[in-house]
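So you can see what is in the structure, the chains are spelled out below.
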Amino acid sequence: MTGTRPRKALVIGAGPVGALTALSLHRRGWEVELWESRDDPRGVDAAPSNLRSINLAISSRGLEALRSVDPSLAEQFQNEAIPMKGRMIHHVDGKQESQIYDPINEQCINSIGRPLLNQRLVESLPEEIKIRFNTKLSRVDLNHKYAYGSSADDKNVVPGEEHDDGEIASTGAGLSSGSKKGKNKEKEDSKSTSFDLIVGCDGSWSKVRTSMMRMERIDFSQSFIPHAYIELHMPADPTKPGGYAIDKNHLHIWPRHSFMLIGLPNKDGSFTLTLFLPFSSLAALTTREAASRFFLENFPSAVQIVGEKMLLDDFENNPRGNLVTINVTPSAWSSHALLLGDASHSMVPFYGQGLNCGLEDVRVLNSVLEKHKVPSTTSLEVGETDPQLELALKAYSIERQADLKAICELALQNYTEMRSHVLSPLHHFRRFLDSF
Ligand code: FAD
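Structural notes, computed from the coordinates. Every value quoted in this text rests on a predicted model; they were computed, and no experiment measured them.

Here we look at helix H1 (residues 16-27)
Each α-helix winds once per 3.6 residues, and so residues spaced three or four apart point in a common direction. Look at H1: 17 Å from first C-alpha to last across 12 residues, which is about the 16 Å you get at 1.5 Å a residue. With 10 of 12 residues buried, H1 is to be regarded as a mostly interior element. Considered for burial, the residues of H1 that qualify are Pro-16, Val-17, Gly-18, Ala-19, Leu-20, Thr-21, Ala-22, Leu-23, Ser-24 and Leu-25. Two residues or fewer after H1 comes Gly-29, characterised by a positive phi angle close to 100°.

Side note on the nonpolar core
Soluble globular proteins tend to pack their nonpolar side chains together in the buried interior. Counting residues in hydrophobic clusters, the biggest one holds 48 residues, and the most contacted among them are Leu-66, Leu-338 and Leu-340. Looking at this core, the element that brings in the most residues is helix H10 (residues 354-371), giving 7 residues. For Leu-338, the residues in contact, after removing those within four places along its chain, are Leu-197, Ile-198, Val-199, Gly-200, Met-212, Ser-331, Ala-332, Leu-365, Leu-393 and Tyr-396. Counting residues in hydrophobic clusters, the runner-up holds 27 residues, among them Tyr-244, Trp-254, Ala-291 and Phe-294.

Describing the sheet that holds strand E8 (residues 109-113)
By way of backbone hydrogen bonds, the strands of a sheet pair with one another, either parallel or antiparallel. Pairing within the open sheet is antiparallel, and its 3 strands lie in the order E4-E8-E5. Here the strands that pair on one side only, and so sit at the sheet edges, are strand E4 (55-58) and strand E5 (82-84). Neighbouring strand axes in the sheet, compared pairwise and without regard to direction, differ in orientation by 35° on average. Inspection of the sheet shows E4 paired to E8 by 4 bridges, in the antiparallel sense. Each bridged residue has a counterpart across the sheet, and for Leu-56 the counterpart in E8 is Ile-112. Each of E4 and E8 is contacted by helix H4 (residues 114-123), which is oriented at about 80° to E8, the strand it contacts most.

Considerations on the packing of H1 against H4
Orientation of H1 relative to H4, taken along the N-to-C sense of each, is 20°, at an axis distance of 9 Å. Compared by their axis directions, H1 and H4 come out roughly parallel. The handedness of the crossing between H1 and H4 comes out as left-handed. On the side of H1, the interface is formed by Pro-16, Ala-19 and Leu-20, while H4 contributes Arg-114, Leu-117, Asn-118, Leu-121 and Val-122.

Section: the packing of H10 against helix H11 (residues 387-419)
Relative to each other, H10 and H11 sit at 145°, their axes nearing to 10 Å. Once H10 is placed against H11, the crossing between them reads as right-handed. Residues Cys-357, Glu-360, Asp-361, Val-364, Leu-365, Val-368 and Leu-369 of H10 form the contact with H11, whose participating residues are Leu-389, Ala-392, Leu-393, Ala-395, Tyr-396, Glu-399, Arg-400, Leu-404 and Ile-407. Partitioned by chemical class, the residues of the contact of H10 with H11 number 12 nonpolar, no polar and 4 charged.

Considerations on the site of the ligand
If you check the shell around the ligand, you find 29 residues, and the closest are Glu-36, Ala-57, Arg-114, Asp-342 and Leu-355. The separation between an oxygen atom of the ligand and a polar side-chain atom of Asp-342 is 2.7 Å. Between an oxygen atom of the ligand and a main-chain N or O atom of Gly-354, the distance comes to 3.3 Å. Summarising the interface, the protein chains cover 91% of the accessible area of the ligand, which totals 1,000 Å² for the free molecule. At the level of secondary structure, the elements contributing two or more residues to the shell around the ligand comprise H1, E4, strand E10 (135-141) and H10.

A closer look at the side chain of Glu-33
Tracing the backbone through its elements, the reader meets Glu-33 in strand E3 (residues 31-35). The buried category is assigned to Glu-33, whose relative accessible area is 2%. Only 2.8 Å separates the side chain of Glu-33 from the side chain of Trp-35, close enough to count as a polar contact. For Glu-33, the residues in contact, after removing those within four places along its chain, are Lys-8, Ala-9, Leu-10, Val-11, Lys-130, Arg-132 and Thr-193.

Notes on unusual backbone geometry
A cis amide bond links Thr-329 with the next residue in sequence, Pro-330, at an omega value of -5°. Relative to the helices and strands, Pro-330 is located in the loop between strand E19 (324-329) and strand E20 (332-333). Backbone geometry places Asn-134, a non-glycine residue, at a positive phi of 50°. Residue classification places Asn-134 among the partly exposed positions, given a relative accessible area of 22%.

Definitions and cut-offs
Residues numbered from 1 in each chain as written. Predicted model: local features only at pLDDT ≥ 70, side-chain atom pairs only at ≥ 80, totals over all residues. Heavy atoms only, no water. Helix = DSSP H or I, 4+ residues; strand = E, 2+ residues; numbered from the N terminus. Expected span 1.5 Å × (residues − 1). Buried < 20%, exposed > 50% of the residue type's maximum accessible area, 1.4 Å probe, protein only. Core = buried A, V, L, I, M, F, W, Y, C linked by side-chain atoms within 4.5 Å. Contact = heavy atoms within 4.5 Å. Pairing = 2+ DSSP bridges. Axes fitted to C-alpha atoms, helices over the stretch in contact; angles between N-to-C directions. Parallel < 35°, antiparallel > 145°, perpendicular 65-115°, else oblique. Left-handed = near helix turned anticlockwise from the far one by under 90°. Nonpolar A, V, L, I, M, F, W, Y, C, P; charged D, E, K, R; others polar. Near = heavy atom within 4 Å. Polar contact = N/O pair within 3.5 Å; in protein donor to acceptor, adjacent residues only side chain to side chain. Areas by Shrake-Rupley, 256 points an atom, 1.4 Å probe, with all protein chains shown as cover.

Limitation: the analysis is restricted to geometry and does not speak to function.
Here's what the structure looks like:
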């Protein structure tokens, strides 16, 4: 080929990490195409009462990453999020105990609804980025840099069953609902495109990763913890200021040693609650009566605020999610493919850093591309290996490796901390002394 052309990135997955990756590469002058198997989230009311919402705690790590791509994004999220300055421990007898994270510098983490965060990131993407929603990557020819995708046939897809997010399919929903599986039908490979670099931001069950693992000796590990997570909802209380039934500037924890309930505030006065409970204990809660006894015995204050019916309805109907740790090394192959976010490093949510780390991947990638002076244009044919980009991706993978492994381990350690150690006042005192 004579002359140059923009480098083309195909980003798979328009979750938070994929959307930020697409924006970041576009800002570097790359041509960017983005495939997402779900619907377009823009224009959907992302209020917590309308969507099943994983709340996220966004920390300075994530905010700095957003700032590195577009300072106005970080500012926007800070305005839309609710600062949580500490934990509020809810004891069984109803006593509440505030444990401030950083009494000296007053640092905090920020609660934001995941759908809202995702929606805002997708909304920030300029028109020049070609976004294909309802397009699911089905296979990649990494040698020839060609990707094939299929479109969901809307008429044959059962809502909530069409995605590879691994939350629902393996575990099913609560006490009474039956399986809805088996109705998916897809048009095979109706979409295809070439790329210079495919970036797998397609989450824990990444298809890009599977393709890379066929090309290279990639170390891969995956381990589940015994706990499931189930989302519940605490509605706003119109009689309380701002509708908040419990303090809005805390991450609320009902720690019960081998299990726990947590609550993160939403802007509308409601809280998103998440119950973490071993699958083995869940197996014993097969009737509404057993579930009622469980909640009244262990979380009487939450039952009182939410109301027994609403709590049990959510418990019965909401899906049981798996919690997995995934490590992948290296996270890049040649100059052709790269994994970011959960596709590269899933971690249990107890350190609140999964997404923050995924956003940080984008910041680090940007700085590595900068350092290696990878231009936004290329004169190579599609399919040719690009030594300069290959070197940069290798450097990225090496730079991230130790940090990602460490944070996955910290997340696992915090699993015991949150549900058990926080109950010990001595432990908290020690942490307080450590902060000096
Ligand atoms: P995902 O959010 O999984 O997005 C992947 C996207 O790829 C999806 O939109 C999916 O539809 C799409 N996709 C998948 N396969 C394909 C395909 N073949 N073709 C096209 N598209 C595809 N992190 C924090 O930082 N703070 C927290 O407080 C926090 N709390 C959490 C609480 C819980 C209960 C859980 C489970 C996780 C929590 N996390 C938290 C982790 C956080 O949710 C994830 O790290 C984050 O969502 C990862 O973002 P991602 O964009 O990499 O992947």
